Amino acid sequence: MGFLPKGTEWIIILVIVLVIFGPKNLPKLGASLGKTVKNLREGMQGDDEATAEESEAPVEDENDAKIRELEEQLAEAKKKKEGQDAE
């Protein structure tokens, strides 16, 4: 791992970053870098969780149950109407 900077190299890098971005923008730069790392980690963990959730049976909530029931009622009403139209 000889490619990682040592102590004085970090100081030089920080001085160059300070000159390029200025002291007012450094907190913004640090915050955005932190958010990026956090989102990256969550995204990597989210892939594992998504595959685990897909393998589980889907859970039906109250709204889904109501929608399914209304769809069944609609299908029955259409069948009745088709039966009446055929007569």
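Description of the structure in this document. Since we're looking at a predicted model, the values are computed, not measured.

For side chains of opposite charge, pairing can occur when their charged atoms come near one another. In the structure shown here, the tally under the stated rule is two salt bridges. Of the charged contacts, one joins Lys66 and Glu62 as a salt bridge, the two residues approaching to 3.4 Å between their closest N and O atoms. With Lys66 and Glu62 both in helix α3 (residues 62-86) and four residues apart, the pair spans about one turn of that helix. Judged by relative accessible area, Lys66 falls into the partly exposed class, the value being 46%. Linking Glu72 and Arg68 is a salt bridge whose minimum nitrogen-to-oxygen distance equals 3.5 Å. Taken together, the residues span about one helical turn, with Glu72 and Arg68 both in helix α3 at a distance of four residues. For Arg68, a relative accessible area of 39% translates into the label partly exposed.

Reading guide: rules and limits
Residues numbered from 1 in each chain as written. Predicted model: local features only at pLDDT ≥ 70, side-chain atom pairs only at ≥ 80, totals over all residues. Heavy atoms only, no water. Salt bridge = Lys/Arg side-chain N within 4 Å of Asp/Glu carboxyl O. Helix = DSSP H or I, 4+ residues; strand = E, 2+ residues; numbered from the N terminus. Buried < 20%, exposed > 50% of the residue type's maximum accessible area, 1.4 Å probe, protein only.

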